[in-house]
Amino acid sequence: MMKEEIGSSVLENVYKAEERLKNVVVKTPLALNNNLSAVYDANISFKREDLQRVRSYKIRGAYNKMATMSQEDLGRGLVCASAGNHAQGVAFACQTMKVRGTIFMPLPTPGQKLEQVKMFGGSYIDVVLHGDTFDEAKDAAMRFCSENDGIFIHPFDDPAIIEGQATVGLEILEQSREPVDYLFVPIGGGGLAAGVCSVFQELSPQTKIIGVEPSAAASMKKALEKGRPVLLEKISRFVDGAAVQQVGNLTFEFCKDVLYDMATVDEGLVCETILSLYNKDAIVVEPAGALSVAALERYKDEIKGKNVVCVISGSNNDITRMEEIKEKALLHAGLKHYFLVRFPQRPGALKTFVIDVLGPDDDITFFEYTQKNSKEKGIAVVGIALKHNEDFTPLIHNMKKYDFFVNYLNNDPSLMNLLI
């Protein structure tokens, strides 16, 4: 499917979507961020879609799609698949428009998103948990549609969905006092990126649009490299709002010639960004909502002195994930390290380790040791938090000097998965 199939005037359709949504969505702020503007010597503003009614931009596309459907189709029953945010948009629209919906979500969906879906949809929706990824949930939803003659509301690869998401772009241009030099947009399936690309291509073609994906689920980057959407064999689900194995055919067509660049961001940097936004600006974001900000460092020289907009796509984060987020941030910053440590089975061994091996600011945060009476030395798993990166080298030196060192675990993903 080519983008021309959307209609003779994409922009005209986006303006119609904006009219449909004017009493449904919040015109979210475009707010200058003083902290990052000072760090990067640029005018950096956030488009705060985390302040939307369902705490993400997804309500725009979902409601616009359903508002363009006939009463007959609405009455057949709506079906969608989502990692959380699209589901909330569909659920909200179902309750508002008084139509029935069935929502498929992956089994690992954060509890906060699941509860929000149920709250927004009320008695008008049923939630089905299926599969480990969005793509597996989508396959189940498509089968359900075929078996029950339902209508599938695609989360991104649909003209009306894209047009709804495109209203974010209209608002940015309306709210910005100066021309936008750079626009950073998170990408999962590509609906938001396709929407803003269609608007900026017509109204602000000089703006450089940079798509941002998690490095462990970089489906748009791979599609651009191959010249077509391709299915990634394996992805990480941590950045759940952008964990998509294959971008849409339609969204790819919109993005391929308009995106200035694609950036990928490691999960640890995403976590650092989440904590920084919370601690410095009191902004709560989900992992996908932090992507656009996390990519700024890579472009720090290019954006200096420029007008930059980052789309903060959502804030549906589960508080139970914060310990994992903190852990991943510390690991990425080089401030948390795990080791296999050899302890002599004699009194005072741990005291020697603390006094002679650890630095004055080092802290033991994890310790697991089982005494084995038949052996002279036992192995412990030890987690150590550092205050400064440069403390790592003397720590390793002291471990080896006093014959405590066995192995360093941070570089072994399979073992680290057991610890965090």
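You'll find the structure just up there.
Residues numbered from 1 in each chain as written. Predicted model: local features only at pLDDT ≥ 70, side-chain atom pairs only at ≥ 80, totals over all residues. Heavy atoms only, no water.

**Thoughts on the sheet that holds strand β5 (residues 125–129)**
Then step 1. Strand order in the open sheet formed by 4 strands is β5-β4-β3-β6, with parallel pairing between adjacent strands. The open sheet is flanked by β5 and β6 (151–152), the only strands paired with a single partner.
Then step 2. As defined by bridge partners, strand β4 (residues 101–105) adjoins β5 across 5 bridges and the pair is classed as parallel. Looking at the pairing, G101 lines up with I125 of β5.
Then step 3. Across the sheet, helix α6 (residues 111–121) is in contact with β4 and β5; its angle to β5 comes to roughly 160°. (Pairing = 2+ DSSP bridges. Helix = DSSP H or I, 4+ residues; strand = E, 2+ residues; numbered from the N terminus. Contact = heavy atoms within 4.5 Å. Axes fitted to C-alpha atoms, helices over the stretch in contact; angles between N-to-C directions.)

**Comments concerning the packing of helix α8 (residues 159–175) against helix α9 (residues 191–203)**
When two helices pack together, their arrangement is given by the angle between their axes and by how far apart the axes lie.
Then step 1. Viewed as axis vectors pointing N to C, α8 and α9 meet at an angle of 50°, and their least axial separation amounts to 7 Å. In terms of orientation, α8 and α9 fall into the oblique class. Crossing of α8 over α9 shows right-handed handedness. On α9, the residues touching I162, Q165, A166, V168, G169, L170, I172 and L173 of α8 are G191, L192, A194, G195, V196, S198, V199, F200 and L203.
Then step 2. Residue composition of the contact of α8 with α9, by class: 12 nonpolar, 5 polar and no charged. (Parallel < 35°, antiparallel > 145°, perpendicular 65-115°, else oblique. Left-handed = near helix turned anticlockwise from the far one by under 90°. Nonpolar A, V, L, I, M, F, W, Y, C, P; charged D, E, K, R; others polar.)

**Re the side chain of T102**
Then step 1. Inspection of the secondary structure puts T102 in strand β4.
Then step 2. Filtering out sequence-adjacent residues up to four positions away, T102 remains in contact with L78, V79, C80, D126, V128 and F144.

**With respect to the pattern of salt bridges**
Then step 1. A full pass over the atoms with the stated rule returns 22 salt bridges.
Then step 2. Here K65 ties to D158 by a salt bridge, and the two come within 3.1 Å at their closest N and O atoms. Of this pair, K65 sits in helix α3 (residues 58–67) while D158 sits in the loop between β6 and α8, and the two are 93 residues apart along the sequence.
Then step 3. Of the residues examined, K65 reaches a relative accessible area of 17% and is grouped as buried.
Then step 4. Across the salt bridge formed by D149 and R76, the nearest N and O atoms sit 2.8 Å from each other. On the criterion of sequence distance, the pair formed by D149 in the loop between α7 (134–148) and β6 and R76 in the loop between α4 (71–75) and β3 (78–81) is long-range, its members being 73 residues apart.
Then step 5. Residue classification places D149 among the partly exposed positions, given a relative accessible area of 47%. (Salt bridge = Lys/Arg side-chain N within 4 Å of Asp/Glu carboxyl O. Buried < 20%, exposed > 50% of the residue type's maximum accessible area, 1.4 Å probe, protein only.)

**Some remarks on helix α12 (residues 267–281)**
Then step 1. An ideal rise of 1.5 Å per residue puts 21 Å on 15 residues; α12 measures up with 21 Å between its terminal C-alpha atoms.
Then step 2. The set of residues buried in α12 consists of E267, G268, V270, C271, T273, I274 and L277.
Then step 3. The inward-facing, buried residues of α12 abut β2 (43–48), β9 (261–265), α13 (291–294) and α14 (322–332).
Then step 4. In the stretch just after α12, A282 is the one whose phi turns positive, near 55°. (Expected span 1.5 Å × (residues − 1).)

Read these as layout, nothing more, since geometry by itself doesn't imply function.
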